[in-house]
Amino acid sequence: MLRDGAARYLAEHYSFDQRRRLLEREAGFSEFAMRNSRIMGWLALPVPEDCGGLGGSLIDISLILESMGRFLVVEPFATTTILCAHLIDACGDTRRRAELLGAITSGELRVALAHGEDGTR
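Everything numeric in this text was worked out from a predicted model, so none of it was measured. (Residues numbered from 1 in each chain as written. Predicted model: local features only at pLDDT ≥ 70, side-chain atom pairs only at ≥ 80, totals over all residues. Heavy atoms only, no water.)

Caption draft 1: Spotlight on the packing of aromatic side chains. Counting across every chain of the model gives one aromatic pair. Pairing Y9 with W42 gives two aromatic rings, centres 5.8 Å apart and planes at 85°, and the pair type is edge-to-face. One end of the pair, Y9, is in helix α1 (residues 2–13); the other, W42, is in the loop between α3 (31–39) and α4 (58–70), and 33 residues separate them in sequence. Judged by relative accessible area, which is 9%, Y9 ranks as buried. (Phe/Tyr/Trp six-rings, centres within 6.5 Å; stacked < 30°, edge-to-face > 60°. Helix = DSSP H or I, 4+ residues; strand = E, 2+ residues; numbered from the N terminus. Buried < 20%, exposed > 50% of the residue type's maximum accessible area, 1.4 Å probe, protein only.)

Caption draft 2: A look at the nonpolar core. One finds Y9, L10, Y14, W42, I64, M68 and F77 to be the most contacted residues of the largest nonpolar core, which totals 15 residues. Only α1, α3 and α4 provide two or more residues apiece to this core. Judged by nonpolar contacts, the second largest core, of six residues, contains V47, C51, A85 and I104. (Core = buried A, V, L, I, M, F, W, Y, C linked by side-chain atoms within 4.5 Å.)

See the structure below:
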């Protein structure tokens, strides 16, 4: 159901021309698509339940990513919702962890891992 739902949504709302236009804009992604990702529960999928997420498994996440890869989705789903949320979950103190992961799940916060910045080690 996850795979089918994601594929159906992306086929209807994420054409190659829309993707191209998104890449030409300054933001480089669609606020509409991010809002719908929240509504459909995709942002909550990998976040633990005690932080407002769905506590999805790697298989659940892979099903969504499979469809996103097929449609060349440019939204920061994998970087924010998977990579950074996992790092926050593993490293954050309990109060801050719940606050940050809850904000990611609700779509209020997008984070990025600054691991390869120019001029740093």
